[in-house]
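# Structure assessment
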Amino acid sequence: MRNSTFDIMSHGKALRHSWRAAALTVALMGAGLQAGYCHGSDLGATEFSGGSFASVDQFGFSNEASAKQQGQAQTAYLSQFGAGNDIKSSQRGQGNWGSATQVGEDNVISLNQAGGGNDAYISQFGLGNDASVKQTGRGNDAVIIQAGYSNDASITQTGNGKVAVVGQFGNDNAAKISVTSNVTVTQFGNGMNVKLTQ
């Protein structure tokens, strides 16, 4: 389990560098890109910091995304494909990095990081999934990957150097992790529930 945790984290960090390069064109054009049929989509990017970067891409209709960054050298990549999806990203501190991607309908992501050097990677595919990450401290890593419908994942970390990975594949699954250190939760199937507090 430990090896799989760091394999996923290494993959996420590799994505970070490739996405930074790919987003340079978007950065030159502006803070975000929207495409789709009858848009009805909302996009917001607010930065109160130096050397920060935010990319917000939406394809479809009735999607909502917001990126708020305070501090120094914050990075956020937000992408949505489908309808009725919602991403809210808020980062404070220095050198935090967040990536959130949703494909499908009525999915919700909430990303909140404070401190420094925290990384969060969230991907959701399906219908009605909900993912939340909140990290306070330095050098924390969080990964959430969900596929299916009505899955719910929450990671809350306070402190330094903690790693939490949640993977849920199926329907109506729930995973809640509080203060953790190097924890991996993977669920395949339907209606499963995990709650871990340390």
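As the structure is a prediction and not an experimental result, all values here were calculated from the model. (Residues numbered from 1 in each chain as written. Predicted model: local features only at pLDDT ≥ 70, side-chain atom pairs only at ≥ 80, totals over all residues. Heavy atoms only, no water.)

## Digging into the pattern of salt bridges
If charged atoms from side chains of opposite charge come close, those side chains can pair. All told, the structure shown has one salt bridge when counted by the stated rule. D86 is the salt-bridge partner of K88, the closest N and O atoms lying 2.8 Å from each other. Of the residues examined, K88 reaches a relative accessible area of 42% and is grouped as partly exposed. Here D86 falls in the buried class, since its relative accessible area comes to 16%. (Salt bridge = Lys/Arg side-chain N within 4 Å of Asp/Glu carboxyl O. Buried < 20%, exposed > 50% of the residue type's maximum accessible area, 1.4 Å probe, protein only.)

## Considerations on the side chain of Q58
Take Q58: it is sitting in strand 3 (residues 53-61). For Q58, a relative accessible area of 1% corresponds to the buried category. Here E64 takes part through its backbone nitrogen, which lies 3.5 Å from a polar atom of the side chain of Q58. At 2.6 Å, the side chain of Q58 and the side chain of Q80 are in polar contact. (Helix = DSSP H or I, 4+ residues; strand = E, 2+ residues; numbered from the N terminus. Polar contact = N/O pair within 3.5 Å; in protein donor to acceptor, adjacent residues only side chain to side chain.)

## Considering the confidence of the model for the chain
In this model, the chain carries an average pLDDT of 79, and 75% of its residues clear a pLDDT of 70 or more. Here helix 2 (residues 24-29) stands out as the element of the chain with the lowest mean pLDDT, 29, in contrast to strand 9 (residues 119-127), whose mean of 97 is the highest. This model gives residues 1-38 a pLDDT under 50, and the stretch forms 54 contacts once residues within four places in sequence are excluded. (pLDDT = per-residue confidence, 0-100. Contact = heavy atoms within 4.5 Å.)

## Some details on the pairing of strand 10 (residues 130-138)
Strand residues, when the strand is regular, have side chains that alternate between the two faces of the sheet. Where strand 8 (residues 108-116) lies against strand 10, nine bridges are found, and the strand directions are parallel. Each bridged residue has a counterpart across the sheet, and for I109 the counterpart in strand 10 is A131. Pairing geometry for strand 10 and strand 12 (residues 152-160), over nine bridges, is parallel. The partner of D130 across the bridge, within strand 12, is D152. (Pairing = 2+ DSSP bridges.)

## What about the environment of G126?
Relative to the assigned elements, G126 resides in strand 9. Residue classification places G126 among the partly exposed residues on the basis of a relative accessible area of 27%. G126 sits 19 residues away from N107 along the chain, and the two C-alpha atoms are 7.6 Å apart. Once residues within four sequence positions are removed from consideration, G126 is found in contact with V103, G104, E105, N107 and G148.

## A few points about unusual backbone geometry
Phi at S150 takes a positive value of approximately 60°, unusual for a residue other than glycine. Position of S150 among the secondary structure elements: in the loop between strand 11 (141-149) and strand 12. S150 gets classed as partly exposed once you look at its relative accessible area, which sits at 34%.

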